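Observations on the three-dimensional arrangement
One-letter residues, chain by chain:
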Amino acid sequence: MPEPVLNALQNDLVDYRGRGLSVLEMSHRSSDFAEIAAKAEQNFRQLLAIPDNYAVLFMQGGASAQFSLCVQNLDTNNKVAYANTGYWSQKAIASGVPLTQTVEVTRCTTEPTIRIPHSDTWSKADDASFLHITDNETIDGIVYDRLPDSSIPVVSDMSSSILSQPVNIAKYGMIYAGAQKNIGPAGITLLIIRKDLLERSEHAQLPPVFQYAAMEKAGSMLNTPPTFAWYAAGLVFEWLLEQGGLAAMAERNKRQANRLYKQIDDHAFYENNIHEDNRSCMNVPFRLNDESLTSAFLSGAQANNFIGLKGHKSVGGLRASLYNAMTDDSVDALLAYLESFAREHS
Ligand SMILES: Cc1ncc(COP(=O)(O)O)c(C=O)c1O
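First, a word on scope: everything that follows refers to the structure included in this document. Nothing here was measured: the structure is a model prediction, and the numbers come from that model.

For the rest of this paragraph, the subject is the overall build of the chain. The helix and strand inventory of the chain stands at 10 helices and 12 strands. Here the C-alpha atoms of the chain give a radius of gyration of 21 Å, agreeing with the 20 Å that 2.2 N^0.38 yields for 346 residues. Burial statistics for the chain: of 346 residues in total, 42% are counted as buried. Residue pairs in contact within the chain that sit at least 24 positions apart in sequence constitute 65% of those at least 6 positions apart.

The following block contains the structure:
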């Protein structure tokens, strides 16, 4: 999270703006919290230029709950199409399998580099209720360079890419994102859903807190929401607006990622095998050509205060995440470490 947001949270933790109580203690029905909640939604809408025919929902259960809930709320044809681009797509498909007929319309090609095929080449599933995609594969470092053409609504898991760049919301049926990358603390999940799709969920046999139409009617407050996470997300949205909004974030994210990819590509010592069109600006996975040096690389990284550079256990290797809060100074430091480790071990 951005440091100014962490500092503001610390200031407000014990006493929210002289009210004599913390946001942690506030009723979600209080006027102070109503103001916090409404302002957060308003700023989120402004950042992403969300049209009026889309609802914003603040839900719980993380993105993993949405893997099932999007099917339970939106599947009217007992068929859902999936693009399989990596680890999180596969998790979404596995959640869909017990609930509906799942159709995998594409998967990444791997030769000579990993790439998402152009949607012209995907299998057709026009009778599916929707197409599910994972905008940014957090573990694999694979991102869409363009939104697939689709005759059915697109539901996109943007957990690790939301707020990293502007998005043409009107092209989507629904977007969902767990908070813990670019939004704020874990505990809240944001949904942007086209209002006509809400009707599909009206008869879903689900607890009302998981039913999109019911949550929309109740302003996401059918029960006590994670108030502190909602408040913290609101501070992040304010910080993003102060930075110049998502166009400015996209420029900064791209610049930081390009510098890191260039360093990896320029050195025979490191490698990333994702096609340049599908390289993620948020998650940069890479390997050492001599993988026996990986643990020495990680020990050196830890000694230099780099946290979390180890790749996910399913793929191994290394991964640098460059979420919105990453500073240019931290990227400079990482590049210097990559350079010095390569020099020392070449
Ligand atoms: C793209 C993507 N989808 C889903 C998830 C799962 O999110 P959650 O832990 O909020 O269920 C993650 C978590 O990292 C993710 O990166």
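Looking now at the site of the ligand. As a matter of local geometry, the ligand sits amid G62, A63, S64, W88, T134, T138, D157, S159, S160 and G178. The element best represented in the shell around the ligand is helix α3 (residues 62-74), accounting for 3 residues. Class assignment for the residues of the shell around the ligand results in 2 nonpolar, 7 polar and 1 charged.

Ordered by their spatial adjacency, 7 strands build an open sheet running β1-β9-β8-β7-β4-β2-β3, and the pairing between neighbours is mixed. Only two strands of the sheet have a single neighbouring strand rather than two, namely β1 (54-59) and β3 (101-107). Going across the sheet, the axis of each strand differs from the next one's by a mean of 20°, ignoring polarity. When β1 meets strand β9 (residues 189-194), the two strands line up antiparallel, connected through 6 bridges. The residue of β9 that forms the bridge with F58 is L190. In the packing of helix α4 (residues 87-96) onto the sheet, the strands contacted are β2 (79-84), β3, β4 (131-134) and β7 (154-157), and the crossing angle to β2 comes to about 160°.

Okay, the packing of helix α2 (residues 31-48) against helix α7 (residues 227-242) next. At a minimum axis distance of 9 Å, the contact between α2 and α7 shows a crossing angle of 40°. With respect to α7, the axis of α2 lies oblique. Two packed elements cross with a definite hand, and for α2 against α7 that hand is left-handed. Here α2 contributes F33, I36, A37, K39, A40, N43, F44, Q46 and L47 to the contact with α7, which in turn contributes T227, W230, Y231, A233, G234, F237, E238, L240 and L241.

A separate point is unusual backbone geometry. E111 connects to P112 through a cis peptide bond whose omega is -10°. Along the chain, P112 falls in the loop between β3 and β4. If you check the backbone angles, R17 has positive phi at about 45° while not being a glycine. Mapped onto the secondary structure, R17 falls in the loop between α1 (3-14) and α2. For R17, a count of 9 C-beta atoms within 10 Å gives the class exposed. If you check the backbone angles, A49 has positive phi at about 50° while not being a glycine. Note that A49 resides in the loop between α2 and β1. A49 sits in the partly exposed class, given 13 other C-beta atoms within 10 Å.

A few words now on the packing of α3 against α4. Closest axis-to-axis distance for the α3/α4 pair is 8 Å, and the angle between their directions is 50°. Classed by the angle they form, the pair α3 and α4 counts as oblique. Where α3 crosses over α4, the handedness of that crossing is right-handed. Residues F67, S68 and V71 of α3 lie in contact with α4, whose contacting residues are K91, A92, S95 and G96. A breakdown of the residues in the contact of α3 with α4 according to their chemical character gives 3 nonpolar, 3 polar and 1 charged.

Once that is clear, we can look at the sheet that holds strand β12 (residues 318-321). Ordered in space as β10-β11-β12, the 3 strands form an open sheet in which the pairing is antiparallel. For this open sheet the edge positions go to β10 (270-271) and β12, each flanked by a neighbour on one side alone. In this sheet, β12 lies alongside strand β11 (residues 283-288) in antiparallel orientation, the contact comprising 4 bridges. Within the sheet, the bridge partner assigned to P285 lies in β12 and is R319. Set on the sheet, helix α8 (residues 245-266) makes contact with β10, β11 and β12; between it and β11 the angle comes to about 15°.

Reading the values: the criteria
- Starting afresh in each chain, residues are numbered from 1 along the sequence in its written order.
- Only residues with pLDDT of at least 70 are given local features in this predicted model, and only at 80 or more are side-chain atom pairs given and counted; all residues enter the totals for whole chains, interfaces and linings.
- Put simply, DSSP marks the helices as runs of H or I at least four residues long and the strands as runs of E at least two long, and each gets a number from the N terminus on.
- Atoms counted for the radius of gyration: C-alpha only. Globule rule: 2.2 Å times the number of residues to the power 0.38.
- Exposure classification rests on a simple neighbour count of other C-beta atoms within 10 Å of a residue's own: a residue reaching 20 or more is buried, one at 12 or fewer is exposed, and one in between is partly exposed. C-beta atoms are placed from the backbone.
- Any pair of residues counts as being in contact when their C-beta atoms, constructed from backbone geometry, are within 7 Å of one another.
- To decide whether a residue is near a molecule or strand, its C-beta atom is placed from the backbone and checked for lying within 6 Å of it.
- The classification used treats Ala, Val, Leu, Ile, Met, Phe, Trp, Tyr, Cys and Pro as nonpolar, Asp, Glu, Lys and Arg as charged, and all other residues, Gly among them, as polar.
- We treat two strands as partners when DSSP finds at least two bridges between them.
- To obtain each axis, a line is fitted to C-alpha atoms, and for helices this fit is confined to the stretch in contact; angles are then taken between N-to-C directions over 0 to 180 degrees.
- We call two directions roughly parallel when the angle between them is under 35 degrees, roughly antiparallel when it is over 145, roughly perpendicular when it lies between 65 and 115, and oblique otherwise.
- Left-handed describes a crossing whose near helix is turned anticlockwise from the far helix by less than a right angle; the clockwise case is right-handed.

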